[in-house]
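Remarks on the overall topology
If you want the building blocks of each chain, they are given just below.
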Amino acid sequence: MLAHFAEGDPAETIHLDEVLADLEERAFGMVLFLSIPTAFIPGVAGVISGPLVMLVGVQLLFGRNEPWLPAFIGRRGPHRLAMVKFRDKLDPWLARLERVVKPRAHLLLDHPVASAFTGLNLIVLGLLLSLPIPFTNVVFALLLLLFALGLLERDGRLLAVAWTASVSAIAVFGVLSGSLASAAKHWFDMAF
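Bringing a nonpolar patch on the surface into the picture now. A surface patch of nonpolar side chains, about 240 Å² in accessible area, is lined by Phe117, Leu120 and Val167. Since its relative accessible area comes to 41%, Val167 is described here as partly exposed.

With that settled, consider the packing of helix α3 (residues 27–39) against helix α9 (residues 137–153). Each pair of packed helices can be summarised by the angle the axes make with each other and by the distance between the axes. Where α3 meets α9, the closest approach of the two axes is 8 Å, and the angle between their N-to-C directions is 160°. The pairing of α3 with α9 is recorded here as roughly antiparallel in orientation. Along this stretch, α3 crosses α9, giving a crossing that reads as left-handed. Residues Phe28, Gly29, Met30, Leu32, Phe33, Ile36 and Ala39 of α3 touch α9, and the partners they reach there are Asn137, Ala141, Leu144, Leu145, Phe147, Ala148, Leu151 and Leu152. Among the residues making up the contact of α3 with α9, the classes are represented as 13 nonpolar, two polar and no charged.

The subject of this paragraph is the pattern of salt bridges. As enumerated under the stated definition, the model contains three salt bridges in all. Among the ionic pairs, Asp155 bridges to Arg104, the shortest N-O distance being 2.9 Å. Of this pair, Asp155 sits in the loop between α9 and α10 (156–177) while Arg104 is found in the loop between α6 (80–100) and α7 (107–110), placing the two residues 51 residues apart along the sequence. When its relative accessible area of 0% is taken as the criterion, Asp155 is described as buried. A salt bridge links Arg154 to Asp110; its shortest N-O distance comes to 2.6 Å. Of the two residues, Arg154 is situated in the loop between α9 and α10 and Asp110 in helix α7; the sequence distance between them amounts to 44 residues. For Asp110, a relative accessible area of 46% corresponds to the partly exposed category.

Bringing the packing of aromatic side chains into the picture now. Geometrically, a pair of aromatic rings is defined through the distance of the ring centres and the angle of the planes. Following the criterion strictly, the structure yields one aromatic pair and no others. Between Phe117 and Trp163, the ring centres sit 5.2 Å apart and the planes meet at 85°, which makes this aromatic pair edge-to-face. Remark: Trp163 occurs in helix α10 and Phe117 occurs in helix α8 (residues 112–130); sequence separation between them is 46 residues. For Phe117, a relative accessible area of 33% puts it in the partly exposed group.

Moving on: α8. Here α8 contains 19 residues, and its C-alpha end-to-end distance of 27 Å stays within 8% of the 27 Å for a straight helix at 1.5 Å per residue. Of all 19 residues in α8, 14 are buried; the element is thus mostly enclosed.

Met30, Leu32, Phe33, Ile36, Leu122, Leu144 and Phe147 are the most contacted members of the largest nonpolar core, which has 55 residues in total. Those elements that place two or more of their residues in this core are α2 (16–20), α3, α4 (44–61), α6, α8, α9 and α10. Per element, the largest residue contribution to this core is ten residues, and it comes from α9. If near-sequence neighbours (up to four positions away) are discounted, Leu32 is found in contact with Val53, Val56, Leu122, Leu144, Phe147, Ala148 and Leu151.

To continue, consider the environment of Phe173. Of note, Phe173 is situated in helix α10. Judged by relative accessible area, Phe173 falls into the partly exposed class, the value being 24%. In this structure, the C-alpha to C-alpha distance between Phe173 and Leu128, residues 45 residues apart in sequence, is 7.9 Å. Setting aside anything within four residues of it in sequence, one finds Phe173 in contact with Leu128, Ile133, Thr136, Val139 and Phe140.

The rules behind the values
Position labels on residues start from 1 in each chain and follow its written sequence. Owing to the predicted nature of the model, reporting of local features is limited to residues with pLDDT of at least 70; listing and counting of side-chain atom pairs is limited to 80 or more, with chain, interface and lining totals taken over all residues. Derived side-chain values reflect all non-hydrogen atoms in the structure, with water molecules and hydrogen atoms excluded from consideration. Exposure above 30% relative accessible area and no salt bridge define the residues that can form patches, which grow by joining like charges within 9 Å and nonpolar side chains of Val, Leu, Ile, Met, Phe, Trp and Tyr within 5 Å. In these tables, accessible area is a Shrake-Rupley quantity obtained with a 1.4 Å probe, and a residue counts as shielded only by the protein chains included in the view. Between Lys or Arg on one side and Asp or Glu on the other, a salt bridge is scored when a side-chain nitrogen of the former is within 4 Å of a carboxyl oxygen of the latter. Accessible area is worked out with a 1.4 Å probe on protein chains only. A residue is then buried under 20% of its type maximum, exposed over 50%, and partly exposed in between. Angles shown run from 0 to 180 degrees and are taken between the N-to-C directions of axes, each axis being a line fitted to C-alpha atoms and, for helices, limited to the stretch in contact. Secondary structure elements follow DSSP: runs of H or I of four or more residues count as helices, runs of E of two or more count as strands, with numbering from the N terminus. Roughly parallel covers angles under 35 degrees, roughly antiparallel covers those over 145, roughly perpendicular covers 65 to 115, and oblique covers all other angles. In this scheme the handedness of a crossing depends on how the near helix is turned from the far one: anticlockwise by less than a right angle means left-handed, clockwise means right-handed. Note on contacts: a residue pair qualifies if any of its non-hydrogen atoms lie within 4.5 Å across the two residues. Basically, the charged four are Asp, Glu, Lys and Arg, the nonpolar ten are Ala, Val, Leu, Ile, Met, Phe, Trp, Tyr, Cys and Pro, and anything else, Gly included, counts as polar. Aromatic contacts are taken between Phe, Tyr and Trp rings whose centres are within 6.5 Å, Trp giving its six-membered ring; a plane angle under 30 degrees counts as stacked, one over 60 as edge-to-face, and the others as tilted. Under the convention used throughout, the expected extent of a helix is 1.5 Å for every residue step, that is, one less than its residue count. We call a set of buried residues a nonpolar core when its members are Ala, Val, Leu, Ile, Met, Phe, Trp, Tyr or Cys and they connect through side-chain atoms within 4.5 Å of each other.

Have a look at this one:
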């Protein structure tokens, strides 16, 4: 799939709406996957990837079957050149992962509680990705890759690994830094 997105004019934008049209339950994984390249870039990660990841998380938390994107996001997406660079950087790792990742343990994907837990993890990871915590964007981008692959390949076991790694990262980077608590309090005060 990544090779397909990298083919063509490098300056062309890959529109998210077009990518998601035929993916059905795998579409959430694709949105996460397409948000990952910008997650590796400090500063940009918080502006683009963080909110997109939180949007996916909220939709999974509330049990949506397919992602909804605002029109201004659906008409946007990464340039093919970014996907080429992303593919070239991760291709050796993805080739190894594809040998291990396969459809299994669907209950961990399809059960409403499991979907809600995935959504909650993504909301917190998106929030942490949006915060200016030094040297963490790569860690969060790799965690998002686990979630994206689990959802794309329908691999419940990989999703369970992503949950475990995510909870650990949230505990280490979120709670210990204090940034998560401050941001959550600010958002809570704004909402109420």
